[in-house]
Amino acid sequence: EKYDIADPIRTKAILERYHLQAKKSLGQNFLRSPEVIEEIVASAEIQPTDIVLEVGPGIGALTQQLAKVASQVYAFEIDQNLIPILEANLEDYDNLTLLNQDILKVDWRKFWQEQQLSGRTVKVVANLPYYITTPILLQLLTAPVKFTSFVLMMQKEVAQRLGAQPGHREYGSLSVAVQLRSQVEVVQTVPAQAFVPQPKVDSAVVRLRLESPWIKEISDFLQFQTFVQAVFRQKRKNLWNNLNVYLAGQAQVKPKLQAVFDALGYEHNVRAEQLALPELIALNQQIQTEFN
Ligand code: SAM
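This section reports on the structure supplied with the text. All values reported here derive from a predicted model rather than from experimental measurement. The residue count restarts for each chain, going from 1 along the sequence in the order it is written. Under the rules for a predicted model, residues below a pLDDT of 70 receive no local features and side-chain atom pairs below 80 are neither given nor counted, while totals for whole chains, interfaces and linings still include all residues. By convention in this description, side-chain values take in all heavy atoms of the structure and omit both hydrogens and water.

Looking now at the overall build of the protein chain. Think of it this way: any DSSP run of H or I at least four residues long counts as a helix, any run of E at least two long counts as a strand, and we number them from the N terminus. If you tally the helices and strands in the protein chain, you get twelve helices and nine strands. In terms of principal-axis extent, the alpha carbons of the protein chain reach across some 70 × 40 × 30 Å. Burial statistics for the protein chain: of 292 residues in total, 50% are counted as buried. The criterion used for residue contact is that any of the two residues' heavy atoms lie within 4.5 Å. At a minimum sequence separation of 6, the contacts of the protein chain that also span at least 24 residues come to 68%. Only the protein chains shown count as cover for residues, with accessible areas throughout obtained via the Shrake-Rupley method and a probe of 1.4 Å. Surface accessibility of the protein chain: about 14500 Å² in total, with carbon and sulfur atoms responsible for 47%. We call a residue buried when its accessible area falls under 20% of the maximum for its residue type, exposed when it is over 50%, and partly exposed in between, using a 1.4 Å probe and counting protein chains only.

The topology assignment puts serine 149 in strand β6 (residues 149–155). Setting aside residues up to four positions removed in sequence, serine 149 forms contacts with Val122, Lys123, Val124, Leu208, Arg209 and Leu210.

With that out of the way, let us pick up the layout of surface pockets. In this approach a probe as big as a water molecule rolls over the atoms, and the regions it shows empty are the leftover space. For cavity detection a 1 Å grid was placed over the protein atoms alone, and a set of points counts as a cavity when a 1.4 Å probe fits there but cannot get out; an open set counts as a pocket when protein lies on both sides within 12 Å along at least five of seven lines, with lining residues being those that have an atom within 4 Å of a point. Grid points are joined across faces, edges and corners, and a volume is the space filled by probe spheres set on the points. Of the pockets and cavities examined, the largest pocket occupies roughly 350 Å³. In this structure, the largest pocket is lined by 28 residues; those nearest its centre are Val55, Gly56, Pro57, Glu77 and Asn127. Think of it as three bins: nonpolar holds Ala, Val, Leu, Ile, Met, Phe, Trp, Tyr, Cys and Pro, charged holds Asp, Glu, Lys and Arg, and polar takes everything else, Gly as well. Class assignment of the residues belonging to the lining of the largest pocket gives a composition of 17 nonpolar, eight polar and three charged.

The element helix α8 (residues 173–181) is extensively covered by neighbouring structure, given that eight of its nine residues are classed as buried. Listed in full, the buried residues belonging to α8 are Leu174, Ser175, Val176, Ala177, Val178, Gln179, Leu180 and Arg181. Contacts made by the buried residues of α8 are with α6 (133–141), α7 (156–163), β7 (183–190), β9 (203–209), α9 (221–231) and α12 (277–291).

Note on placement: phenylalanine 291 falls in helix α12. The class for phenylalanine 291 is buried, based on a relative accessible area of 8%. Spatially, the C-alpha atom of phenylalanine 291 lies 41 Å from that of phenylalanine 111, the residues being 180 residues apart in sequence. Look past the residues within four positions of phenylalanine 291 in its chain and what remains in contact with it is Leu247, Gln250, Ala251, Val253, Lys256, Leu257 and Val260.

The element strand β2 (residues 51–55) is largely enclosed, with a buried count of five among its five residues. Of the two faces of β2, both are covered, the one formed by Ile51, Leu53 and Val55 as well as the one formed by Val52 and Glu54. A strand pair is defined by DSSP finding two or more bridges across the two strands. Sheet analysis places β2 next to strand β3 (residues 72–76), joined by five bridges and oriented parallel. If you follow isoleucine 51 over to β3, its bridge partner there is glutamine 72. When the strands point away from the viewer and the path from the first strand over the helix to the second turns clockwise, the crossover is right-handed. One crossover worth recording links β2 to the parallel β3 by way of helix α3 (residues 61–69), and it is right-handed. The pairing of β2 with strand β5 (residues 122–127) spans three bridges and is parallel.

This part takes up the site of the ligand. Proximity criterion: a residue is near a molecule or strand once any of its heavy atoms comes within 4 Å of it. Around the ligand, 23 residues are found, and the nearest of them are Leu31, Gly56, Glu77, Asp102 and Asn127. Any N or O atom pair separated by 3.5 Å or less is treated as a polar contact, with the protein-specific requirement of one donor-capable and one acceptor-capable atom, and with residues adjacent in sequence counted only for side-chain atom pairs. Within the contact set of the ligand, a nitrogen atom lies 3.3 Å away from a side-chain nitrogen or oxygen of glutamate 54. Within the backbone of glycine 58, a nitrogen or oxygen atom sits 3.4 Å from an oxygen atom of the ligand. In the complex, 99% of the free accessible area of the ligand, which totals 590 Å², lies under the protein chains.

A few words now on the pairing of β3. In regular strands, side chains alternate between the two faces of the sheet. Among the five residues in β3, five count as buried, and that is most of the element. Alternating positions in β3 separate into two faces, Gln72, Tyr74 and Phe76 on one and Val73 and Ala75 on the other, with burial throughout. Sheet topology note: the β3/strand β4 (residues 96–99) ladder contains four bridges and is parallel. Across the sheet, the residue bridging to tyrosine 74 is threonine 97, located in β4. For the segment spanning β3, helix α4 (residues 82–89) and β4, crossover handedness is right-handed.

Right under this line is the structure:
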């Protein structure tokens, strides 16, 4: 073929040949911009020995470029109608495995064993289905296997939340969950015209490097996640109020919580959105000490 799949001419030809109607319910917005795809692939810094996992290959625009540079590509596509199209368009790439699977239902431990991925560098690269951006992200971040990095296209508003710092409006429990486990960079913003059909929201590419100095400070992730969600439940309210709700049912909440605040030097008007990750970790530890 003269053109890569990402080329607008080839994309149009494929959509017409197969009478494809993008399924909104599956978040299908296909990239038709070789430049944007080139930037995504460059951001992933793929080495010839790397394994790449792709979520939602669609008609294969990104998949094709990944298969050109990676050692092996695994692409998980939930829409079975797309599988024969992908097989036909990507038949030249023998380092590509197409899996007709829901990404949210993958048993990662089993997958790692079957594909013998331990010790390999495994990167996730995807133009995500936006209706499940957060569940996919949290699932990948908490999977019991070792990914190296994620380069993900998502709605710009979510991208801003991932990278948000304390004191900013977008800072919240999602920022904390992500920054606890990774270094976040927003790589580029992408206009709606790069997609067909065009999404109604702006998009951005985010790179997460899965390395973090904080991860070893947490002994019980579920407990910490519950704590963080409680802290940010009512963002406009004081930390003091949110923690009173969180601890309701315990004995002597007010004096014990006061002792926690005294130990950390906090006034009652401190707000959750002012606390950075190390402060949240210290607060959680102090509460556990005081209430156990
Ligand atoms: N990668 C293609 C591109 O960039 O042109 C398509 C991206 S499109 C935004 C999202 C893709 O994810 C669609 O192909 C959709 O069918 C697929 N998808 C949606 N939900 C999924 C799920 N739970 N598991 C796997 N793939 C899913």
